[in-house]
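Structural overview
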Amino acid sequence: MSGFNVSEDLTIPEDRIFLNPSEEFYINYLKPYYVITKEGQYLFASIQKGRRPDQVHYMVPKAYKLGVGQKGFDIDTGKAIFSIVMDYLRDKPKVIVVDGVQGENGYEVGIRSVVSVENPQSAYISWMGKMMVFPPKDGIKPSCYNFIVPEKLPEEYVNRIKKVWPEYNENEPLSLYDFSDMEKDVRRVINLGIDYFGGAFKKPNLTMVWNRGESDNMISFHAGLSESSVIIGLSGTGKTTLTVGPNLEQDDAILGKVIAKDDKIVDVKLVGLEAASFAKSEGLSEKSPEYPGLMKSKDRKHIVLAMNIDCEGVDYVKKNINGYDVEIPEATGEVGPLLTKHYEKSGTTNGRFIFLFSDLNSSWGKKDKYLRNFVLSFKRYDIFNPIIKVTDPLMAVAFDSACESIITSAISGKVPGTRVRSYSATDFMAREQAEQAVLKKKVFLDMGLGQNGKINFLIINTGFVGEFDLEGKSIGGEKITVSDSKTLLKLSTNNLIKSWIKDPVYGYLLPSPQELSEVHGMKNFGERFNPLNYYSPHDYLEFVKIDIKERKNFLHNIFSSQSNFANLEHVINVWDDIRVPSPKEIKKFYDAHYS
């Protein structure tokens, strides 16, 4: 039997390979594992309900430096584990091999995924993956390889791994990246024991492609893209809600291609990396911007794949099929619609569905896009304004390097009101964060921010003004609605707000409450979002002091041990330059503009 050359070190007999199969293949092969809902979605289940970033490790060249929070792995040990996994794939399971491209015209990266279907249910990962990536192209060979083995390895292979790495736990998922050959333009990852699509396929692929782009002096964005606006935010901050709509280009993954003349950056071309959305279903309604994507399958002509979502007439059950314990949706009667506000049967609020971007945006991918609006989506429940415009490039880098959200429930194990931060809202980087921060600093300095520059740098708060006091106790506040946020974003990104006022503490710009109320239909904006409705001027300034201290400490903890620290010291120190005004000055400002 002849073999198929999957990669440089893996050849598999052709009778065990399904190569680039069709939709019809998946529909027939996976029949025991899905139900078709009333609206035509193919509904699957997985045992794991989310990613496990704590189980991610990286092999990198000896001189290469990883960033804060990224776990390195011994190259010799890792290579031995890769060899054992290749032996398993060579000798045992049937596999689905799918080739594709991640990236639009302008930066296209060849991707090859290899999914073991020893447990046939695992083919759903390959089907979803086929939708997420662009079709393969002649002349674009794979440079990134994702080897996915969702089933537990047989005992002989487990024992071989434990012999070289005694800490291996076959009952835990493992993502092990091999970037040691990046100089040869080869990046690989093995994903063992992961049956959740987002952890096995989507994020590992993006991690490899982002890393490749960063090595080519590109900016990686874990962000949504609508027209010329990049929207970055931690989970739950409204990034997707603010992005998705008729002008949707991407909702998660972008690269920025830097264009320079005479060592000066003059523009950033935006390149989307995915062909489809892996959208959350939690709380979805007919008014949600993602809803038309979910409903595209009603015509029975468009494919929409869903997983771990409650559905009328469906229970989630555990069964043994083909010798493997699996979780599947099972009809208990007539199958009805998906229930996106119910979570009892699926056992998770992290239900997901995949639809093509082109199903929402008829002109998707047909024109070049350039960075004009750099938007951070924060969720705060205190004094933070509904939207701000930052014109200081150093402060912009500081904010982007410490994206903010808030703990809203004691279930999270922290006190409600506790702020959480992340470098540019991503945990998918495999390099020092300072490299990207220095590049963004040059972009902001060279292209300019605000009225006299090419880029609007905006931060939108999707939480509350008010709500939590200094101890995290609920005191009431004004919710910043989705309608508020979308209106403010539309006005700001299209430069429709003429009057901006300087914040009394930080010096960034706030839209004139009077103009928003009288010209743009946001009635009583100042009265609604006056933080002194909920805090005394003294307490307002206590929040300011906490923010300044926490922001500076976070940046110092990330950058101080990294190679480019010297180029970012003035970014960290931007918070030292803040003059904290008196309570009287705070009251005077808000009385003048927000009363």
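Whatever comes next refers back to the structure up there.
The notes below deal with the structure included here. Residue indices follow the written sequence of each chain, beginning from 1 at its first position. Residue-level local features of this predicted model are given only where pLDDT is at least 70; pairs of side-chain atoms are given and counted only at 80 or more, and the full residue set underlies all totals for whole chains, interfaces and linings. As a convention, hydrogens and water are excluded, and side-chain values are obtained from all of the structure's heavy atoms.

A word on the overall build of the protein
Numbering of helices and strands starts at the N terminus; helices are DSSP runs of H or I of at least 4 residues and strands are runs of E of at least 2. Looking only at helices and strands, the protein features 15 helices and 32 strands. Relative to its length of 595 residues, the protein is compact, with a C-alpha radius of gyration of 25 Å against a globular reference of 25 Å. Viewed in the frame of its principal axes, the protein has a C-alpha envelope of about 80 × 60 × 45 Å. Going through the 595 residues of the protein one by one, you find that 59% of them count as buried. Contacts in the protein between residues far apart in sequence, at least 24 positions, make up 73% of those at least 6 positions apart. Carbon and sulfur atoms make up 48% of the accessible area of the protein, which totals about 23,900 Å². It is over C-alpha atoms that the radius of gyration is taken, and the globule rule equals 2.2 Å times the number of residues to the power 0.38. Residue burial is assigned from relative accessible area. The probe radius is 1.4 Å, only protein chains are included, and a residue is buried under 20% of its type maximum, exposed over 50%, and partly exposed in between. Only heavy atoms matter for contacts: two residues are in contact if any of them lie within 4.5 Å across the pair. Each accessible area is a Shrake-Rupley estimate made with a 1.4 Å probe; only the visible protein chains count as cover when residues are assessed.

Some points on the pairing of strand 13 (residues 229–233)
The side chains of a regular strand alternate between both faces of the sheet. Along strand 13, five of the five residues are buried, which leaves the element largely enclosed by surrounding structure. Covered by surrounding structure in strand 13 are Ser-229, Ile-231 and Gly-233 together with Val-230 and Ile-232, the residues of both alternating faces. Of the strand pairs in this sheet, strand 12 (residues 218–226) and strand 13 are connected by four bridges, and their pairing is antiparallel. Residue pairing in the sheet places Ser-226 in a bridge with Ser-229 of strand 13. The loop that links strand 12 with its antiparallel partner strand 13 comprises two residues; one of these, Glu-227, has a positive phi angle of about 55 degrees. Pairing analysis gives five bridges linking strand 13 to strand 23 (residues 373–378), with the strands arranged parallel. By the bridge assignment, Ile-232 is partnered in strand 23 with Leu-376. For two strands to be treated as a pair, DSSP must find no fewer than two bridges joining them.

A few points about the side chain of Gln-121
Looking at the secondary structure, you find Gln-121 in the loop between strand 8 (109–116) and helix 3 (123–132). If sequence neighbours within four positions are ignored, Gln-121 has contacts with Leu-30, Tyr-33, Ala-45, Val-326, Glu-327 and Ile-328.

Some details on the packing of aromatic side chains
Here is the rule: rings of Phe, Tyr and Trp (six-membered ring for Trp) pair when centre to centre is within 6.5 Å. Planes less than 30 degrees apart are stacked, more than 60 are edge-to-face, and the remainder are tilted. Within the structure shown, the criterion is met by 43 aromatic pairs. Between Phe-18 and Phe-25, the aromatic rings sit 4.9 Å apart at their centres with planes inclined by 45 degrees, giving tilted as the arrangement. Given the relative accessible area of 23%, Phe-18 is considered partly exposed. The class of Phe-25 is buried, set by a relative accessible area of 18%. Centroid distance Phe-221 to Phe-374: 5.9 Å. Interplanar angle 65 degrees. Geometry classified as edge-to-face. One end of the pair, Phe-221, is in strand 12; the other, Phe-374, is in strand 23, with 153 residues separating them in the sequence. Among the aromatic residues, those joined into a ring-pair cluster are Phe-18, Phe-25, Tyr-26, Tyr-29, Tyr-34, Tyr-42, Phe-44, Tyr-124 and Trp-127. To sit over a ring, a charge needs its Lys NZ or Arg CZ within 6 Å of the ring centre and within 35 degrees of the ring normal. In this structure, Arg-187 is placed above the aromatic ring of Phe-179, and the distance from its NZ or CZ to the ring centre is 5.9 Å.

Details of the side chain of Glu-151
Inspection of the secondary structure assignment puts Glu-151 in the loop between strand 9 (142–149) and helix 4 (155–164). What qualifies as a polar contact is a pair of N or O atoms within 3.5 Å, subject to a donor-acceptor requirement within protein and to the restriction that residues adjacent in sequence count only when both atoms come from side chains. In terms of polar contacts, Glu-151 uses its side chain to reach the side chain of Ser-116, at 2.6 Å. With residues up to four places along the chain from it excluded, the contact list for Glu-151 reads Tyr-88, Pro-93, Ser-116, Glu-118, Gly-193 and Tyr-324.

Some thoughts on helix 15 (residues 583–593)
Restricting attention to buried positions, one finds in helix 15 the residues Ile-586, Phe-589 and Tyr-590. Along the axis of helix 15, the buried positions cluster into a sector of 85 degrees, meaning they face one direction only. Turned more than 90 degrees off the buried face of helix 15, the exposed positions are Lys-584, Lys-588 and Ala-592. When we speak of the arc, we mean the arc of directions from the helix axis to the C-beta atoms.

Quick look at the nonpolar core
Core analysis: the largest hydrophobic core is formed by 66 residues, its most contacted members being Phe-399, Phe-457, Phe-559 and Trp-575. In terms of residues, this core owes the most to one element, helix 13 (residues 537–559), which gives eight residues. Not counting residues within four places of it along the chain, the set of residues in contact with Phe-559 comprises Ser-401, Tyr-423, Gln-433, Ala-434, Ala-437, Phe-565, Leu-568 and Ile-572. Ranked by size, the runner-up nonpolar core spans 34 residues in total, among them Val-117, Ile-148, Ile-194 and Phe-197. The nonpolar core is taken to be a set of buried Ala, Val, Leu, Ile, Met, Phe, Trp, Tyr and Cys residues, with the residues joined through side-chain atoms within 4.5 Å.

Quick word on the pattern of salt bridges
By convention in these notes, a salt bridge is any Lys or Arg side-chain nitrogen within 4 Å of a carboxyl oxygen on Asp or Glu. Applying the stated rule across the entire model yields 45 salt bridges. The shortest N-O distance in the salt bridge between Asp-382 and Arg-380 comes to 3.1 Å. Across this residue pair, the class does not change: Asp-382 and Arg-380 are buried. Lys-545 serves as the salt-bridge partner of Glu-542, at 3.4 Å between the closest nitrogen and oxygen.

Section: the environment of Met-522
With respect to the helices, strands and loops of the structure, Met-522 is situated in the loop between helix 11 (513–518) and helix 12 (525–528). Along the sequence, Met-522 and Leu-488 sit 34 residues apart, while their C-alpha atoms lie 9.1 Å from each other.

Digging into helix 9 (residues 433–447)
Over its 15 residues, helix 9 extends 21 Å from the first C-alpha to the last, a length consistent with the 21 Å expected when each residue adds 1.5 Å. For helix 9, the buried fraction is high: 11 of the 15 residues fall into the buried class. Downstream of helix 9 by a residue or two, Gly-448 has a phi angle that is positive, lying close to 80 degrees. Here the expected length of a helix is defined as 1.5 Å per residue gap, with one fewer gap than residues.

What about unusual backbone geometry?
Most peptide bonds take the trans form, and the phi angle of most residues other than glycine is negative. Positive phi outside glycine occurs at Glu-227, with the angle close to 55 degrees. By the element assignment, Glu-227 lies in the loop between strand 12 and strand 13. Located in the positive-phi region is Glu-467, a residue other than glycine, with phi close to 95 degrees. Mapping Glu-467 onto the fold places it in strand 29 (residues 464–468). Judged by its relative accessible area of 14%, Glu-467 is buried.

Let's talk about the packing of helix 13 against helix 15
Interaxial angles span 0 to 180 degrees and are taken between N-to-C directions of axes, which are lines fitted to C-alpha atoms, for helices over the stretch in contact. At their nearest, the axes of helix 13 and helix 15 sit 8 Å apart, and the two run at 105 degrees to each other. When the axis of helix 13 is compared with that of helix 15, the two are roughly perpendicular. Across from Pro-537, His-538, Tyr-540 and Leu-541 in helix 13, the residues of helix 15 making contact are Pro-583, Ile-586, Lys-587 and Tyr-590. For this classification, the nonpolar set comprises Ala, Val, Leu, Ile, Met, Phe, Trp, Tyr, Cys and Pro, the charged set comprises Asp, Glu, Lys and Arg, and every other residue, Gly included, is treated as polar. Looking at the contact of helix 13 with helix 15 residue by residue, the class counts come to six nonpolar, one polar and one charged. With respect to orientation, any angle under 35 degrees is reported as roughly parallel, any angle over 145 as roughly antiparallel, any angle of 65 to 115 as roughly perpendicular, and every other angle as oblique.

Just distances and angles here, no functional claims.
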